[in-house]
Amino acid sequence: MKPAEIAKGVYEVGAIDWNIRDFHGYSTHRGTSYNAYLVVDEKIALIDAVKKEFADQLLENISKIVDPKKIDYVISNHTEMDHSGGLPRVMHRVGEGKPLYVSNMGLKNHPRHFSQSWNYQGVKSGDTLSLGKRTLKFLETRMLHWPDSMFTYLEEEKILFSSDAFGQHYAGQEKFDDVVGDAIMPHAKKYFANILMLYSPLILKLVNQVTELGLQIDMICPDHGIIWRKDPGKIINAYVEWAKGEKVEKKAVIVYDTMWHSTEQMAEAIAAGVYDAGAIAKPMKLREWDRSDVMTEVMDAAAVLVGSPTLNNGLFPTVSDFLTYMKGLKPHKKIASAFGSYGWSGESVKLVRDELEAMKLDIIDPGVKIQYVPDRSGLEECEALGKRIGEAIVRQF
Ligand code: FEO
């Protein structure tokens, strides 16, 4: 199959990873793709490479358009290895001395990943690279999501090569938003929740910067998933909405794990109380749900309740794992509380609460802890907690 020509002389030449299910701890139920783009003009530029294991596929795809040796410039929008791991094979074929464009931060980071002495060219925001009739312009996007991240913009076609931003872990032969339709949005949302949420303030700043620059965008080409050609504004607006964290659902995520079902019974009683108050509850047991799927639910929830049994005077390991993960992603503007069962020492609820406090979540209720197995009154206490949380959620709407 010939690579897709997404605009005149612009090709998507990357690779589809149909079978990956764990992307550095992020569940990829639909696989992913490592997109790369070839711009053919008087000069030829390759934008991004792919993961090491897919380098030959990338070169094969390029070969269907041009001999890789004819590539004049290689651009690496950021150094992460899913888009640069293929560079040793690519540069070997393209020519080791060909210019390799990275951001100025990339000049520091790139050589820490590769031992080759490539012909690095550092660029900053506003720098341009003429391809003949067309021009590439660079825009640094530091910490979105790596220190050396940048976008590359094809001025004449108004195409933004956005690196990881606006991507989705989605493997499919369909390459465009208008082909996949709204079914792509849950994948885009999960990507934002798990990769970008912590950078929300920077995202809002970047969108303002792009607006002020008056940069017109007809197409967004990310490094994962589909290309936004029908309505690039849709994903930009979604990013603004997600970054502001204001549009939440009338929903409480009840995330927990359990040893002998006591904490589980508590979670379900809390869920019943939330529902009684007029909100929706989503109980998620951590040994059944991947942390990245839980975080996707947390992102647009008004409340998060975390439950853990006490194990060896501490938290249950999956709950510790999740709290560490959630803390790093910096969720904000959420009601929170804790719950859990215990046998004799009972530290878990306080430990959960300490973590939620460290995340600066709004702990409106100290929560519930119950020894051994909850009896009827214990379950009523949990339902009452759920009801208080549910009422607080409903008051926000
Ligand atoms: Fe898809 Fe930051 O790499």
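What this report covers is the structure whose coordinates are included nearby. Not measured: the values here are computed from a predicted model.

So, on to the overall build of the protein chain. Along the protein chain, the regular secondary structure elements total 13 helices and 24 strands. Here the protein chain, with 397 residues, has 58% of them falling under the buried criterion. Considering only residue pairs separated by 6 or more positions, the protein chain has 72% of its internal contacts joining residues 24 or more positions apart. Approximately 16800 Å² of the protein chain is accessible, and the part contributed by carbon and sulfur atoms is 50%. Each charge sign in the protein chain was given a centre, from 48 positive and 54 negative side chains, and these centres are 3 Å apart.

With that out of the way, let us pick up empty space enclosed by the protein. Under the definition given, this model contains 2 cavities of 30 Å³ or more. Taken as a whole, the largest cavity holds about 60 Å³ of empty space. In terms of lining residues, the largest cavity is bounded by Glu 12, Ser 33, Asn 35, Tyr 170, Gly 172, Glu 174, Lys 175, Gly 225, Ile 226 and Ile 227. Of the residues assigned to the lining of the largest cavity, the class counts are 3 nonpolar, 4 polar and 3 charged. In this structure, the second largest cavity occupies an estimated 40 Å³ of space. Residue lining of the second largest cavity: Phe 23, His 24, Glu 80, Asp 82, His 145, Asp 164, His 169, Tyr 191, Ile 195 and His 224, and that is the complete set. Looking at the lining of the second largest cavity residue by residue, the classes come out as 3 nonpolar, 4 polar and 3 charged.

Next up on the list: helix H13 (residues 376–395). The terminal C-alpha atoms of H13, which comprises 20 residues, lie 28 Å apart, in line with the 28 Å expected from a rise of 1.5 Å per residue. Among the residues making up H13, those that are buried are Gly 378, Cys 382, Leu 385, Gly 386, Ile 389, Gly 390, Ala 392 and Ile 393. Each buried residue of H13 lies within a common arc of 160 degrees when the element is viewed along its axis, so the set occupies one face. Exposed residues pointing more than 90 degrees away from the buried face of H13 are listed as Arg 376 and Arg 395. Residues of H13 that are buried sit in contact with strand S17 (249–256), helix H9 (262–276), strand S19 (301–307), strand S22 (335–342) and strand S24 (368–371).

Relative orientation of the contacting elements H9 and H13 amounts to 45 degrees, with a least axis distance of 6 Å. Between H9 and H13, the crossing angle belongs to the class labelled oblique. Two packed elements cross with a definite hand, and for H9 against H13 that hand is right-handed. Residues Gln 265, Met 266, Ala 269, Ile 270, Ala 272, Gly 273, Val 274 and Asp 276 of H9 touch H13, and the partners they reach there are Leu 379, Cys 382, Glu 383, Leu 385, Gly 386, Lys 387 and Gly 390. Partitioned by chemical class, the residues of the contact of H9 with H13 number 8 nonpolar, 4 polar and 3 charged.

Bringing the environment of Leu 107 into the picture now. When you line up the elements, Leu 107 lands in helix H4 (residues 104–109). Once the C-alpha coordinates of Leu 107 and Gln 121 are considered, the two residues, 14 residues apart in sequence, prove to be 7.7 Å apart. Apart from residues lying up to four places away in sequence, Leu 107 is in contact with Val 102, Tyr 120, Gln 121 and Gly 122.

Counting residues in hydrophobic clusters, the biggest one holds 90 residues, and the most contacted among them are Leu 38, Phe 166, Ile 235 and Met 326. Taken domain by domain, this core gets at least three of its residues from each of domain 1 (4–244) and domain 2 (249–392). If sequence neighbours within four positions are ignored, Leu 38 has contacts with Gly 9, Val 10, Tyr 11, Val 13, Ile 44, Ala 45, Leu 46, Ile 62, Ile 65, Val 66 and Ile 71.

With mixed pairing, 7 strands are arranged side by side in an open sheet as S1-S2-S7-S8-S9-S10-S11. In the strand order of this sheet, the two ends are held by strand S1 (4–7) and strand S11 (119–123), each with one partner. Neighbour to neighbour, the strand axes of the sheet diverge by 25 degrees on average, direction disregarded. Across 4 bridges, the pairing between strand S7 (residues 37–40) and strand S8 (residues 44–47) is antiparallel.

The final tally for this structure, using the stated rule, is 23 salt bridges. Between Arg 142 and Glu 140 there is a salt bridge, with the nearest N and O atoms lying 3.3 Å from each other. For Arg 142, a relative accessible area of 45% translates into the label partly exposed. Across the pair Lys 251 and Glu 297 runs a salt bridge whose closest N-O atoms are separated by 2.6 Å. You can see Lys 251 sitting in strand S17 and its partner Glu 297 sitting in helix H10 (residues 291–299), a full 46 residues away along the chain. Accessibility assignment for this pair places Lys 251 and Glu 297 in one class, buried. What you see here is one network of salt bridges that share partners, running through Lys 189, Lys 251, Lys 282, Glu 297 and Asp 300.

Thresholds, definitions, all that
- Residues numbered from 1 in each chain as written.
- Predicted model: local features only at pLDDT ≥ 70, side-chain atom pairs only at ≥ 80, totals over all residues.
- Heavy atoms only, no water.
- Helix = DSSP H or I, 4+ residues; strand = E, 2+ residues; numbered from the N terminus.
- Buried < 20%, exposed > 50% of the residue type's maximum accessible area, 1.4 Å probe, protein only.
- Contact = heavy atoms within 4.5 Å.
- Areas by Shrake-Rupley, 256 points an atom, 1.4 Å probe, with all protein chains shown as cover.
- Lys, Arg positive; Asp, Glu negative; His and termini not counted.
- Charge placed at Lys NZ, Arg CZ, Asp CG, Glu CD.
- 1 Å grid on protein atoms, 1.4 Å probe; cavity = no way out; pocket = protein on both sides within 12 Å on 5 of 7 lines; lining within 4 Å.
- Points joined across faces, edges and corners; volume = space filled by probe spheres on them.
- Nonpolar A, V, L, I, M, F, W, Y, C, P; charged D, E, K, R; others polar.
- Expected span 1.5 Å × (residues − 1).
- Arc of directions from axis to C-beta.
- Axes fitted to C-alpha atoms, helices over the stretch in contact; angles between N-to-C directions.
- Parallel < 35°, antiparallel > 145°, perpendicular 65-115°, else oblique.
- Left-handed = near helix turned anticlockwise from the far one by under 90°.
- Core = buried A, V, L, I, M, F, W, Y, C linked by side-chain atoms within 4.5 Å.
- Domains from an automatic or database assignment.
- Pairing = 2+ DSSP bridges.
- Salt bridge = Lys/Arg side-chain N within 4 Å of Asp/Glu carboxyl O.

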